[in-house]
Amino acid sequence: MFKLSKKLQDLPPYLFLEIDKAKRKARAAGRDIIDLGIGDPDQPTPRHIIEALYQASLDPANHRYALDQGMPALRCAIAVWYKDRFNVSLNPEAEVLPLIGSKEGLAHFPLAFLNPGDYTLVPDPCYPPYKGGTILAGAKPYPLPLLEGNAFLPDLKKIPSAVRKKAKLVYVNYPNNPTAATAEKPFYKELVTFARKNKIIIVSDLAYSEMSYDGYRPSSIFEIEEAREVAIEFHSLSKTYNMTGWRLGWASGNEKLIAALAKVKSNIDSGVFSAVQLAGIVALSGPQDYVKDMCRLYQERRDCLMQGLDSLGWQAKPPKATFYVWIKVPKGKDSLKFAAALLDKTNIVVTPGIGFGRYGQGYIRMALTVTKDRIKEAVERLKKI
Ligand SMILES: *Cc1c(COP(=O)(O)O)cnc(C)c1O
């Protein structure tokens, strides 16, 4: 009787459905599952942040709607953090916007600038909300293949001019989910030139800016001077402070882009719980040794997994950032079938690359969100097949 909207029908199918189902079934049957499929930190939020939430939640002033586009104190803390981290100055009033997690902002942003018939340029493979947000805004995602031969960066020169003309925005995400690739300043420079020339907005997702190894430090696009004309950057406290469930992130960058997103949001939501915002200030302004500890932990797990994959003869590059390892499946194998077979034969859950887009075919993603012992156990199981 009730027909789904055209937009909802147009959303790509959820490709992890079968793996999810098989995983639940295996768990229910009491099988000992090692889940390397989850992009969600397994460690708790640092204690001092939880204490800050508790204290703030006792104050009735924090129980009301948070309608002011984010507390001024939070916007200031973000600007201070930014200056400290990237040496980039932001105006906290106009160039910073707190979000209910960055996914919300990334998915709502297309509503601000896209009309039917417009394109967004989305990496393939990619984090699914870029496509979902585009389609829900009535526009069309145009895939930019991320190929190993090009270090998993989009080849901007290959975008046909007809597509460039219809494109209103381009999504980029480095350090990247799912490939774990990183991007350096020359790439951002080329991207900014491309965007200015073609009047295309850059949406840069920096969710993994603090999760990096071996001394590597990811850059912000705003380290390129001209980026301020054309870019908006999305940040998240989720991965940095083990706060995925809290829902807190922010957008920063071009004033007009920030104002447009704020206008969309003012029609949809009523802000982040004030106590969570206050805890976010404590996270950003407080001691950062927790972040270092987190990186050390993932780095150890990464080294352990890489050693194991090496001994299996599996092909993967050790990631410099993110908690993902992007692994080639044996030649000619389908990523979905390969993942299903791994679950069936070894009780190990991995994410099939095809779930992130067509160019994810031929890969699986493993997340470093289980202990080293479990990683070792996973490698032992893989050795047996
Ligand atoms: C985890 C993740 C996010 C963070 O989302 P939140 O909504 O802030 O929790 C954003 N982008 C990518 C690519 C991610 O993997």
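Residues numbered from 1 in each chain as written. Predicted model: local features only at pLDDT ≥ 70, side-chain atom pairs only at ≥ 80, totals over all residues. Heavy atoms only, no water.

Colleague: Would you explain the site of the ligand in this entry?
Modeller: Neighbouring residues of the ligand: 14 residues in total, closest Asp205, Ser236, Ser238, Lys239 and Arg247. The side chain of Ser236 places a nitrogen or oxygen atom 2.7 Å from an oxygen atom of the ligand. In the model, an oxygen atom of the ligand is placed 2.6 Å from a nitrogen or oxygen of the Arg247 side chain. Contact with the protein chains hides 95% of the accessible area of the ligand, taken as 390 Å² for the molecule alone. Classifying every residue of the shell around the ligand gives 4 nonpolar, 6 polar and 4 charged. (Near = heavy atom within 4 Å. Polar contact = N/O pair within 3.5 Å; in protein donor to acceptor, adjacent residues only side chain to side chain. Areas by Shrake-Rupley, 256 points an atom, 1.4 Å probe, with all protein chains shown as cover. Nonpolar A, V, L, I, M, F, W, Y, C, P; charged D, E, K, R; others polar.)

Colleague: Help me understand the packing of aromatic side chains in this model?
Modeller: Describing an aromatic ring pair means giving the distance of the ring centres and the angle of the ring planes. Throughout the structure, instances matching the rule amount to 19 aromatic pairs. Here Trp81 and Trp250 contribute two aromatic rings whose centre-to-centre distance is 5.4 Å and whose plane-to-plane angle is 80°, an arrangement assigned as edge-to-face. Separated by 169 residues along the polypeptide, Trp81 in helix α4 (residues 72-86) and Trp250 in strand β8 (residues 249-253) bring together distant segments of the chain. Exposure remark for Trp81: the relative accessible area of 10% places this residue in the buried category. The exposure class of Trp250 is buried, given its relative accessible area of 2%. The interplanar angle of 70° and the centroid separation of 5.7 Å between the aromatic rings of Tyr127 and Tyr130 together place this pair among those described as edge-to-face. Classification of Tyr127 by relative accessible area gives partly exposed; the value is 23%. Using a relative accessible area of 0% as the deciding quantity, one classes Tyr130 as buried. (Phe/Tyr/Trp six-rings, centres within 6.5 Å; stacked < 30°, edge-to-face > 60°. Helix = DSSP H or I, 4+ residues; strand = E, 2+ residues; numbered from the N terminus. Buried < 20%, exposed > 50% of the residue type's maximum accessible area, 1.4 Å probe, protein only.)

Colleague: Help me understand the pairing of strand β12 (residues 363-367), please; the structure alone is not making it clear to me.
Modeller: Successive residues of a regular strand alternate their side chains across the two faces of the sheet. With respect to burial, β12 is a largely interior element, 5 of its 5 residues being buried. Taking every second residue as pointing to the same face, both faces of β12 are buried, with Tyr363, Arg365 and Ala367 on one and Ile364 and Met366 on the other. One ladder, built from 5 bridges, connects strand β9 (residues 324-328) with β12; its direction is antiparallel. Each bridged residue has a counterpart across the sheet, and for Ile327 the counterpart in β12 is Ile364. The pairing of strand β11 (residues 351-352) with β12 spans 2 bridges and is antiparallel. Within β12, the residue paired with Pro352 across the bridge is Ile364. (Pairing = 2+ DSSP bridges.)

Colleague: Just checking my understanding: could you explain unusual backbone geometry for this structure?
Modeller: If a residue is not glycine, its phi is most likely negative; likewise, a peptide bond is most likely trans. The linkage connecting Tyr174 with the following residue, Pro175, adopts the cis geometry, with an omega of -5°. Mapped onto the secondary structure, Pro175 falls in the loop between β5 (167-172) and α8 (185-198). Pro178 follows Asn177 through a cis peptide bond whose omega is 15°. Checked against the element boundaries, Pro178 lands in the loop between β5 and α8. With phi around 55°, Asp214 is a residue other than glycine that occupies positive phi space. The residue Asp214 is located in the loop between β6 (201-205) and α9 (227-230) in this model. Given the relative accessible area of 52%, Asp214 is considered exposed.

Colleague: Would you mind going over the domain arrangement of the protein with me for this structure?
Modeller: How big an interface is tends to be stated in terms of accessible area lost as the parts join. Taken as a whole, the protein is organised into domain 1 (6-43 + 289-383) and domain 2 (48-285). Between domain 1 and domain 2, a total of about 3,000 Å² is buried, with carbon and sulfur atoms accounting for 64% of that surface. Joining domain 1 to domain 2, the criterion identifies 2 salt bridges. For Glu148, the salt bridge identified is with Lys328, shortest N-O distance 2.8 Å. The tally of links from domain 1 across to domain 2 stands at 13 residue pairs in polar contact (both at pLDDT 80 or more). Looking at the side of domain 1 that touches domain 2, the elements with two or more residues in it are α1 (6-10), α12 (289-312), β9 and β12. In terms of residues, the side of domain 1 that touches domain 2 owes the most to one element, α12, which gives 7 residues. Considered class by class, the residues forming the side of domain 1 that touches domain 2 number 17 nonpolar, 6 polar and 8 charged. (Domains from an automatic or database assignment. Buried area = accessible area lost by both parts, 1.4 Å probe. Salt bridge = Lys/Arg side-chain N within 4 Å of Asp/Glu carboxyl O.)

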